[in-house]
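So the chains spell out like this:
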Amino acid sequence: MTVHQSDAAYTQDDLAQALKRNQFTLNYQPIVSAKTARTVTVEALLRMRLPTGHMATPPDFMDVAEQSGFVCDLGEWALQRACADGLNWPGVCVAVNISPKQLQVPGFLNTVRRILNETGFPPDRLELELTEHCPVEDFPRACATLTALRQLGIRVALDDFGVGYSGLIYLRKLPLDKIKIDRAFVESMDEQSDVLVRSIVQLGRNLGLTVTAEGVETSEHQRVLIEAGCHELQGYLFSRPLPAGDIDTLFGCGAASARLRIAGAA
Ligand code: C2E
Ligand code: CA
Ligand code: CA
């Protein structure tokens, strides 16, 4: 039976069926350079097509996927799809979210190598964003895998920095290229209380990391984050996540090298 719920309560079987039936898809959200406002990266975000025409988003199914371990199958599918789609966007990096659970799977490194070989996607245009939905359990194994991935030329970002499991200890222990400041910090910024965001940006910069802020919704956010020293910005101010076809159009018309403006799309 085709997966049709629109309000959560999916089981692992539902998700496995949805994958088999090709109901999953990826939307891509631009990440822009703070300096130039040009799109430097697009982040792949999972969606599940429902027969109603609606799309289920990760909050509807990611908890079940994480808890059941199905996130590893889903993550492999997403990596394959994103690398294939990314071939259409030369000069732009593609960021794919990975669960800490995937890092614990012994064959993960080989899976990434195989996908890069099969698709021909250049590793130096791939970023892996380590999400915070569950803890990294085996640090030595995770470090060894991340180190090997970086040796291939892939960049590693620590997602949702500052919330959940994704804390300071991860900064000290994991080999990283980038941190993404969680949008909770950006949302709560106002004239009096941007000190936290400024401190996180400085921390990242002092460690030699690229600092990206997510959840940038207003030009005031943009102004403060640029002044704080963020390298890259992502949020509805620039673009919502878009289907791959819209990204093709965006880049096909030269928009990758143009400034993205506020987009009311999808
Ligand atoms: P994330 O990696 O932190 O992705 C950013 C989320 O914030 C996305 O939600 C995006 O649609 C939303 N967002 C972006 N800009 C703004 C903004 O300006 N304002 C607001 N309010 N929201 C914004 P989405 O697509 O629902 O994804 C939720 C989470 O699901 C992601 O958070 C990521 O942790 C996880 N996820 C998505 N795709 C994958 C995947 O392929 N694998 C894994 N393991 N996790 C994934
Ligand atoms: Ca992410
Ligand atoms: Ca986040």
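Heads up: the structure comes first, above all this text.
The rules behind these values
Residues numbered from 1 in each chain as written. Chains lettered and ligands numbered in written order. Predicted model: local features only at pLDDT ≥ 70, side-chain atom pairs only at ≥ 80, totals over all residues. Heavy atoms only, no water. Donors = N, O, S within 2.8 Å, 3.2 Å for Na, K, Ca; no water. Helix = DSSP H or I, 4+ residues; strand = E, 2+ residues; numbered from the N terminus. Near = heavy atom within 4 Å. Polar contact = N/O pair within 3.5 Å; in protein donor to acceptor, adjacent residues only side chain to side chain. Nonpolar A, V, L, I, M, F, W, Y, C, P; charged D, E, K, R; others polar. Buried < 20%, exposed > 50% of the residue type's maximum accessible area, 1.4 Å probe, protein only. Pairing = 2+ DSSP bridges. Right-handed = clockwise from strand over helix to strand, strands pointing away.

(A) Up close: the coordination of the calcium ion (ligand 2). Summarising the metal site, the calcium ion (ligand 2) is bound by the protein donors Glu 43 (OE), Asn 97 (OD1), Glu 129 (OE) and Asp 159 (OD), whose distances to it range over 2.1 to 2.4 Å. If you list the donors of the calcium ion (ligand 2) from N- to C-terminus, the spacing comes out as E-x53-N-x31-E-x29-D. Between the two metals, the calcium ion (ligand 2) and the calcium ion (ligand 3), the spacing is 5.8 Å. Placement of Glu 129 in strand β5 (residues 126-130) and of Asp 159 in strand β6 (residues 155-161) is noted, with a sequence separation of 30 residues between them.

(B) The arrangement of the site of ligand 1 in detail. Looking at ligand 1, there are 25 residues lining it, with Arg 47, His 133, Arg 183, Glu 217 and Tyr 236 nearest. The separation between an oxygen atom of ligand 1 and a polar side-chain atom of Asn 97 is 3.2 Å. For the shell around ligand 1, the secondary structure elements donating two or more residues are β2 (39-49), α2 (58-68), α3 (71-86), β4 (93-98) and β6. Per element, the largest residue contribution to the shell around ligand 1 is four residues, and it comes from β2. Grouping the constituent residues of the shell around ligand 1 by class yields eleven nonpolar, seven polar and seven charged.

(C) Spatial organisation of the coordination of the calcium ion (ligand 3). The protein atoms that coordinate the calcium ion (ligand 3) are Asp 160 (OD), Asp 182 (OD) and Glu 214 (OE), at distances spanning 1.9 to 2.8 Å. Sequence positions of the residues that donate to the calcium ion (ligand 3) give the spacing D-x21-D-x31-E.

(D) Layout of the pairing of β6. Counting buried residues in β6 gives six out of seven residues, a clear majority hidden from the surface. Pairing of β5 with β6 involves four bridges; the strand directions are parallel. Directly across from Leu 128, in β6, lies its bridge partner Val 156. Note that the unit made of β5, helix α6 (residues 139-151) and β6 has a crossover that is right-handed. Relative to strand β7 (residues 178-181), β6 runs parallel, the two being bridged by three bridges.

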